[in-house]
Structure formats: C-alpha cells, structure tokens
Amino acid sequence: MPKDPDKIADKLGVNAPNSQVNIENMFVGSSPDDSTRQKDKLVDWHQVCYDMLIDQRQATSNRLMRSPDMHKNLDIFVDLALVHQKEVSQSDSDVLPEYGSQLYEPAPFSESERFEFQNFLDNKLRYLRTSRISIVGEPGAGKTMALQKIAFWILEETEDLVFWISLKELQGRSVGSYIKDVWVREAIVNIEPLVYTELENSFRTKKEWLLLDGLDEMNLDRSDAFNLRGWVSNSNVISTCRINFWQDNPYLLSGFEIYRTLEFQDSQICTFIKRWFF
C-alpha cells in the first residue's frame, strides 16, 4: 500500500504534520495545504487507482490460469532488462524486400543504453520523470507484467495517480472519454457530477500516469483515439506495443522514448519456472 509519510517521519524523528519529508528525492511529503486539499476531495483517487489496479492484475492472472481461484497471489514477474531503442528511420522503408527481415532484428546497443528493471524505475521514473515512454518487445516477452510492476511502483512510491487502460477496450473512444465513460463508472458507485470536475482538475498537476497496454491491439483505422487531447494531454504516459507493429507504424509513437525488452537469460527462465510450479 502507499507509504504513510507520518510513519516515515516518526522513524526519522521529524514532526511530519507541518513539515516536508524528502527521502532519497522521493515525492513523499505532507503539508497543511496537502491535508486541506485531501479533506476537500470527494474521492480518494489514489486509493481508487490502487483498487482498480488490483482488479486489473487479477483479471490478467485469470487469463493465464485454468481457474480464477488458482494461484490468486502468484507473482511470476521476473525482472526484465530494457534497452533504449533508437527510432525507426524513415529510410528503412527503402530496404530491398530480400533484406526486409533485417528490420526486425535487434539493433546493437551499448551498455550505457541498457537498464536493469530497478535501474529503469529509478532513473527514468523517479528522477528524470520522462513523460512519454513505450515498452516494445516480442509477443510473450513480459511487456504487460512489466507495465503492472511499474504501475504498482508508482502508486507505492509516490502520491501520483495511475490509470490503467487496455487499448483494445477503447473501441473508438478517445482516452479521455474512456476514463469518464468506463473507468470511473467501474471504479465508483453513486457518482456525483462534481466527481468528473474533480478528476479533470487533478490532471492539471501533471502527477497522473496513463498506462496504456497493447497499442498493437487497437484497430489501426481508429488509432487516432490514441492521441491525447484535452484534459488528459498533460499526462505522463507509458505504453506497451509489439515491436513489429511499432516498426511498421512508427508514427504512432512519435515523441515517445522507446525501450525494448531483452531476451530472458537462462537464470531468469529458471526463476520463472520455479515461481510458476513451486
């Protein structure tokens, strides 16, 4: 669950109610203004986002298991290594057909471009706060599970909000419309009209994250729905996408930093098997 700044402050000998607490540059703190704003809110959005993410993770697990009751608390995620991927060049479309398969081969990279998963969280999300990121990889490479880990990390390490959206569920809606018409209605019972105003206002803080899973599962004819306009335009965004779909349609992720999942090492495969069966 999200960390309590008062408890952290007590351990440090700091009187938290009227002070700021900053630990390793984490965005954790409390102040009179923060507490006043929280009391005035109609919805505890941080808790709602956490509860919705729990439900989403369970739904994903159920698709992997033979029954909903099997391994409910199973955590089979194995830390992935990611590499910063250069954008697809426009000249790539001029490659001769007989050499076309080379476009889908992993590009060489230096060690400075490689990030172990925790290093990726620390350097790209906690400190640099890059606002547009996409994780690309082969089918079954662990993109969705990595995105889930990122989502929980954001909620547990910061006060930011996370909105998880499976892009195949947009069905032609814009992201903003989906959040209002579907996400909020699933998350909150007895919605007051002012809830929507409060939600839109919260997006002005730039502490909201849209986690958009499965760009390749969208209808390409309606890919304009992926464009982030209006009240969600300032959001931080992390998406996932199959690498061949991105390479065929690089314009969809224009302006995003691209990170490719690396192949699992033998030791990681063994870890996965042990977590699954034992």
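1. Some thoughts on the sheet that holds strand S7 (residues 257-261)
Right, on to step 1. On the basis of which strands lie adjacent, the open sheet formed by seven strands has the order S2-S1-S7-S3-S6-S5-S4 and mixed pairing. Strands with a single pairing partner mark the edges of an open sheet, and in this sheet they are strand S2 (114-116) and strand S4 (161-166). Taking each pair of neighbouring strands and ignoring which way they run, the sheet shows an average axis angle of 25 degrees.
Right, on to step 2. Alignment of strand S3 (residues 132-137) against strand S6 (residues 236-242), held across six bridges, turns out to be parallel. Considered in S6, the bridge of Gly 137 is made with Arg 242.
Right, on to step 3. Each of strand S1 (81-85), S2, S3, strand S5 (208-213), S6 and S7 is contacted by helix H4 (residues 117-127), which is oriented at about 110 degrees to S2, the strand it contacts most.
Right, on to step 4. Here helix H5 (residues 143-157) sits on the sheet in contact with S3, S4, S5, S6 and S7, set at roughly 160 degrees to S4.

2. Some details on the side chain of Ser 202
Right, on to step 1. Inspection of the secondary structure assignment puts Ser 202 in helix H7 (residues 193-202).
Right, on to step 2. The class for Ser 202 is buried, based on a relative accessible area of 7%.
Right, on to step 3. Contacts of Ser 202, omitting those with residues within four sequence positions, involve Leu 161 and Glu 208.

3. So, the pairing of S5
Right, on to step 1. Extensive coverage of S5 is indicated by the burial of six of its six residues.
Right, on to step 2. Alternating residues of S5 divide into Glu 208, Leu 210 and Leu 212 and Trp 209, Leu 211 and Asp 213, and every residue in both groups is buried.
Right, on to step 3. Direction of pairing for S4 relative to S5: parallel, over a ladder of six bridges. Of the residues in S5, the one forming a bridge with Ile 165 is Leu 212.

4. Points about a negative patch on the surface
Right, on to step 1. On the surface, Asp 44, Asp 51, Asp 55, Glu 169 and Glu 186 cluster together into a patch of negative charge.
Right, on to step 2. By secondary structure assignment, the location of Asp 44 is in the loop between helix H2 (32-40) and helix H3 (45-64).

5. Notes on the confidence of the model for the protein chain
Right, on to step 1. On average, the protein chain scores 74 in pLDDT, and the residues at 70 or more come to 61%.
Right, on to step 2. Summarising per-element confidence for the protein chain, the mean pLDDT is lowest in helix H1 (residues 5-12) (44) and highest in S4 (96).
Right, on to step 3. This stretch, residues 7-37, has a pLDDT under 50; its non-local contacts, to residues over four places away or in other chains, come to 43 contacts.
Right, on to step 4. Considering only residues more than four positions removed or in separate chains, one finds that residues 64-68, a stretch of pLDDT under 50, has nine contacts.

6. Details of the side chain of Ser 134
Right, on to step 1. Topologically, Ser 134 is positioned in strand S3.
Right, on to step 2. In this structure the side chain of Ser 134 is engaged in a polar contact, spanning 2.8 Å, whose partner is the side chain of Ser 239.
Right, on to step 3. Those residues within four positions of Ser 134 in sequence are excluded, and the remaining contacts are Ser 239, Thr 240, Cys 241, Leu 253, Phe 256, Glu 257, Ile 258 and Tyr 259.

7. A short note on the nonpolar core
Right, on to step 1. Grouped together as the largest cluster of nonpolar side chains are 63 residues, with contacts concentrated most on Ile 150, Phe 163, Ile 179, Trp 183, Leu 210, Leu 215 and Ile 238.
Right, on to step 2. In terms of residue count, the dominant contributor to this core is H5 (eight residues).
Right, on to step 3. Residues contacting Leu 210, with those up to four places away along its chain left out, are Phe 163, Val 175, Ile 179, Phe 203, Leu 228, Val 232, Ser 235, Asn 236, Val 237 and Ile 238.

8. So, H4
Right, on to step 1. Here H4 has its buried residues at Phe 117, Phe 120, Leu 121, Lys 124, Leu 125 and Arg 126. One side of H4 carries all its buried residues, which in axial view fall inside an arc of 165 degrees.

9. Observations regarding the pattern of salt bridges
Right, on to step 1. One pass over the full model with this rule turns up four salt bridges.
Right, on to step 2. The salt bridge partner of Lys 124 is Glu 257, with a shortest N-O separation of 3.5 Å. Of this pair, Lys 124 sits in helix H4 while Glu 257 is found in strand S7, placing the two residues 133 residues apart along the sequence.
Right, on to step 3. Note on Glu 257: relative accessible area 24%, which makes it partly exposed.

10. A word on the environment of Met 218
Right, on to step 1. With respect to the element layout, Met 218 can be found in the loop between S5 and S6.
Right, on to step 2. Each C-alpha atom, one on Met 218 and one on Leu 170, is 7.9 Å from the other, the two residues being 48 residues apart in sequence.

11. Some thoughts on the packing of H4 against H5
Right, on to step 1. One way to put it is that H4 packs onto H5 with a least axis distance of 12 Å and a crossing angle of 55 degrees. When the axis of H4 is compared with that of H5, the two are oblique. Here H4 runs over H5; the crossing is right-handed. Residue-level inspection shows Phe 117, Gln 118, Phe 120, Leu 121, Asp 122, Leu 125 and Arg 126 of H4 in contact with H5, the latter providing Ala 146, Lys 149, Ile 150, Trp 153 and Glu 157.

Each value, and the rule that gives it
- All residue numbers refer to positions counted from 1 along the written sequence of the respective chain.
- Where totals are concerned, whole chains, interfaces and linings use all residues; where local detail is concerned, this predicted model gives features only for residues with pLDDT of at least 70, and gives and counts side-chain atom pairs only at 80 or more.
- The basis for the side-chain values is all heavy atoms of the structure; hydrogens and waters are excluded.
- By definition, two strands form a pair when at least two bridges between them are found by DSSP.
- By definition, any uninterrupted DSSP run of H or I lasting at least four residues is a helix, any uninterrupted run of E lasting at least two residues is a strand, and each is numbered from the N terminus.
- The angle between two axes is taken between their N-to-C directions and runs from 0 to 180 degrees, where each axis is a line fitted to C-alpha atoms and a helix contributes only its stretch in contact.
- Contacts are assigned to residue pairs with any non-hydrogen atoms lying within 4.5 Å of each other.
- Each residue is placed in one exposure class: buried if its accessible area under a 1.4 Å probe, protein chains only, is under 20% of its type's maximum, exposed if it is over 50%, and partly exposed if it falls in between.
- A patch consists of residues whose relative accessible area exceeds 30% and which take part in no salt bridge; residues with like charges are grouped when within 9 Å of each other, and nonpolar side chains (Val, Leu, Ile, Met, Phe, Trp, Tyr) when within 5 Å.
- Every accessible area reported is derived by Shrake-Rupley at a probe size of 1.4 Å, with residue values counting cover from the shown protein chains alone.
- For salt bridges, the criterion is a side-chain nitrogen of Lys or Arg within 4 Å of an Asp or Glu carboxyl oxygen.
- None of His or the chain ends enter the tally, which takes Lys and Arg as positive and Asp and Glu as negative.
- Throughout, a charge is located at the NZ atom of Lys, the CZ atom of Arg, the CG atom of Asp or the CD atom of Glu.
- Scored from 0 to 100, pLDDT reflects the predictor's confidence in each residue.
- In the analysis that follows, any N or O atom pair within 3.5 Å is treated as a polar contact, provided that within protein one partner can donate a hydrogen and the other can accept it, and provided that, for residues neighboring in sequence, both atoms belong to side chains.
- What makes a nonpolar core is a set of buried Ala, Val, Leu, Ile, Met, Phe, Trp, Tyr and Cys residues whose side-chain atoms join them at distances within 4.5 Å.
- Working definition: the arc comes from the directions between the helix axis and the C-beta atoms, pointing outward to the latter.
- Should an angle lie under 35 degrees it is considered roughly parallel, over 145 roughly antiparallel, and from 65 to 115 roughly perpendicular; all remaining angles are considered oblique.
- Two helices crossing with the near one rotated counterclockwise from the far one by less than a right angle form a left-handed crossing, whereas a clockwise rotation gives a right-handed crossing.

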